Amino acid sequence: MTGLVDAARSGDADARAALFGAYLPLVYNVVGRGLHGHADVDDVVQETMLRAMRALPELREPERFRSWIVAIAIRQMHDHRRRNKAALARHTQVADATDVPDPVGDLAELAVDRQTLSRAGSDLLEASQWLSDEQRRTLALWWQETAGQLTRAEVAEALHLSVPHTAVRIQRMKAKLEVAVGVLAAWRARPRCAELESLAGSRRGLPEGRLLTRLDRHVTQCPRCGAAVARRSIDDLPIRIGALAVPAALVAAIPGLVGRHAAAPGPVSSLLGTLHHALARISAKSATVAVGATATLAVVIGVTVHQLPPHSHGTEAAPGPVRTAGAPHQPGGRASSGTPSATPTTASRSYSGVATADYYVAPTGDDTNPGTLARPFATLPRAVAEARPGQTVAVRGGTYRPATTIALTSSGTAGHRITVSNYRDEKPVFDGSGIPATGTVIAQSGGHVTVQGIEIVDSPGHPYVCTSCHDDVLARIAVHGNAQTALVLHGAGTRDNLVLDSDFYDNHETGSTGGHVNGLVFNDGSGGGNRVRGCRMYDNSGDGVDLSGFGDAVTVEHSWAFGNGVNRWGIATFSGGGSGFKLGGDAGLRVAHVATDSAAWDNAGFGFTETGGAGTPRLTNDTAYRNGAAGFAFVHSAAVLRRDLALANHPDDWLGALARHTGNSWDLSGWTTAVLHTADADSATAARGRDGQLPGTSFLGNSKDPSIGAVLTS
């Protein structure tokens, strides 16, 4: 891009056309968001582009072009606001000066749904009208930052602030947005709180900041309003904001206009007139929000599980033991051993990881560094120790070889999570081979933390242990080739955690009985609200999922366990016998674990079982296929089984007198393997897509009654 800027500065008409055409969408979106769709957006954009064209020959640092043109846009937005307020004041009677309408507009008008935006995006757009001019400009830049179009340093430069000061300003802007989103949620509630409506109606003459504070105070104290508000951080919202469509006539006009005036960059009156003429042909509504496959920006904030789909697989791992036929490629692959660039290029609008962060870690970093993108830390504990609630740590690609346990003990808050994520589409791998057999690669505790997009391999000890974690999200984690259970969550107070879109596979102990090493375990602890969703546990020497020994219900949704307990390493004394899902509790524990829309196949032991517990597990729309023992084995518990499918197991069901079962395949006639669309598991074990979800497949789907059994699609 620097070469293009240099060519444009020297008067190359083609280079100028390409340069300003490439940056027109960025400028249009910064201004469009900053002015909140004001009718003058086109005018401000055109003035920004013209000033940039005129000043381009004076730009001394071509590498700063992006932040330079954004800074021009910010100045033009500021001038526009100042002119509008002055003009409004001139046309307002002195006696009515305190009643000048504020930019918020009527509260009822704010609550109107915009069908072209997702719910979360609409809420933020509506709520942003409560922001000050300065905060709205900050919001416009922050949106571009989260979309990967600007770095934090470029945002800071555009605002003429330091990076730390910029972080503070962004946090304050988010805090006000959260308040406004909550007020809007209470306003939309039906029936609406009469006192809230009365407060909003008495707003005349009250500055919008004080009005918002008054409404928020009421919403916080009012039980009816409070019930309608889900107090969440802006960082927790899965947002899809459409890119503002640049008027087609303006896009088409720029190459010719730039070429026509490139040789004489001084006078721009004719260019200005031509642009005005082009824009005059565009209706005021042409610059609307364009939502679609090519116009939607995925703006990801914190751990959502959605703001952050996994990358496509990279290089293959070195050949290992033979896996289940058609087993997936290594999720995430082994990262390249190459050193990540200190200044990566922006390749796309969305990434598998975070586009920018407060602190950075890289294999070539140094813990004496300040933790910036250019001078990153070397270790994850160093970065996490610096992170405060609401901040993000980006882990650069490459291989990390810790010699001691990585202790993650920091906590965020309910409104401001701490996020640890891979950087953009890079692949960080933690090689645990230097950890002792009695050690742990990552030991996490605390709460309100998101960890995503990392891989852990080759540890003789435990790869990942979460002790008394709460409100944590573990997403897109690949743990394989280790000698102990891939992921363990245990301890009192283990509650409200989500394990999402992760893969735990090929874990076993070498040189003994295989170690009965499991994929995912909840044990020796208690706490409600824990969930496992969209995960695969396969080819482990023990079980896929083991919930026995955990005192409260865990919910497993749309997850698959296959090929567990099978000796694929040639271990002569292998004990094996692993099952897919163990949903029971140890003796004395009566737990109601839940399994929904999940599947277990080709395990050496049971598909789904209680492990001898006497609880009340609930299984709905699950499938057990071709397991070495019973598909559904609930002999001692009061299990409730509905619309489950079992075929080609040994036997399909083994149920005791306490179990209740209705509408399952074994309760009905005519169910054989002939009703399956396909028994070939290859498509089900394909690599995950960029969205991080399980691959869609017809495997184990049936032609007899699709309402019975799991649906193995995303």
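Here is a short report on the structure shown in this document.

The rules we used
- Residues numbered from 1 in each chain as written.
- Predicted model: local features only at pLDDT ≥ 70, side-chain atom pairs only at ≥ 80, totals over all residues.
- Heavy atoms only, no water.
- Pairing = 2+ DSSP bridges.
- Helix = DSSP H or I, 4+ residues; strand = E, 2+ residues; numbered from the N terminus.
- Axes fitted to C-alpha atoms, helices over the stretch in contact; angles between N-to-C directions.
- Disulfide = S-S within 2.5 Å.
- Buried < 20%, exposed > 50% of the residue type's maximum accessible area, 1.4 Å probe, protein only.
- Salt bridge = Lys/Arg side-chain N within 4 Å of Asp/Glu carboxyl O.
- Core = buried A, V, L, I, M, F, W, Y, C linked by side-chain atoms within 4.5 Å.
- Expected span 1.5 Å × (residues − 1).
- Polar contact = N/O pair within 3.5 Å; in protein donor to acceptor, adjacent residues only side chain to side chain.

**Topic: the sheet that holds strand 20 (residues 530–533)**
The strand order across the open sheet formed by 12 strands is 4-5-8-11-14-17-20-23-26-29-32-35, and the pairing between neighbours is parallel. Two strands close off the open sheet at either side, each with one partner strand: strand 4 (359–361) and strand 35 (660–662). Going from strand to strand, the sheet's axes swing by 10° on average, the running direction of each strand aside. As defined by bridge partners, strand 11 (residues 449–452) adjoins strand 14 (residues 473–475) across three bridges and the pair is classed as parallel. Residue pairing for strand 14: Val451 is matched across the bridge by Leu474.

**As for the state of the cysteines**
Scanning all chains against the criterion turns up one disulfide. The side chain of Cys466 participates in a disulfide bridge whose partner is Cys469; the two sulfur atoms lie 2.5 Å from each other. Between Cys466 and Cys469, the S-S dihedral sits near -95°, and the bridge is therefore left-handed. Given the relative accessible area of 1%, Cys466 is considered buried. Not engaged in a disulfide, the cysteine Cys225 finds its nearest cysteine sulfur in Cys222; these two sulfurs lie 3.8 Å apart.

**Things to note about the sheet that holds strand 16 (residues 487–492)**
Read from one edge of the open sheet, 10 strands run 7-10-13-16-19-22-25-28-31-34, paired in parallel fashion. Only two strands of the sheet have a single partner each, and these edge strands are strand 7 (406–408) and strand 34 (653–655). Two elements, strand 16 and strand 19 (residues 520–526), share six bridges in a ladder whose sense is parallel. By the bridge assignment for strand 19, Ala492 is matched with Ser526.

**Observations concerning the pattern of salt bridges**
Inspection of the entire model under this criterion finds 20 salt bridges. Here Arg536 and Asp503 are joined by a salt bridge, their closest N and O atoms 2.6 Å apart. Highlighted residues: Arg536 in strand 21 (residues 536–538) and Asp503 in strand 18 (residues 503–505), separated in sequence by 33 residues. Each member of the pair, Arg536 together with Asp503, is buried. A single network of salt bridges, built from pairs that share partners, joins Asp501, Asp503, Arg536 and Arg688.

**Looking at the nonpolar core**
Core analysis: the largest hydrophobic core is formed by 58 residues, its most contacted members being Leu380 and Phe608. Considering each element in turn, this core owes the most residues, three residues, to helix 15 (residues 380–386).

**Some words on helix 9 (residues 163–188)**
With 26 residues, helix 9 extends 37 Å between its outermost C-alpha atoms, agreeing within 8% with the 38 Å of an ideal straight helix rising 1.5 Å per residue. A side-chain oxygen of the first residue of helix 9 lies 3.2 Å from the backbone nitrogen of His165; this N-cap is Ser162.

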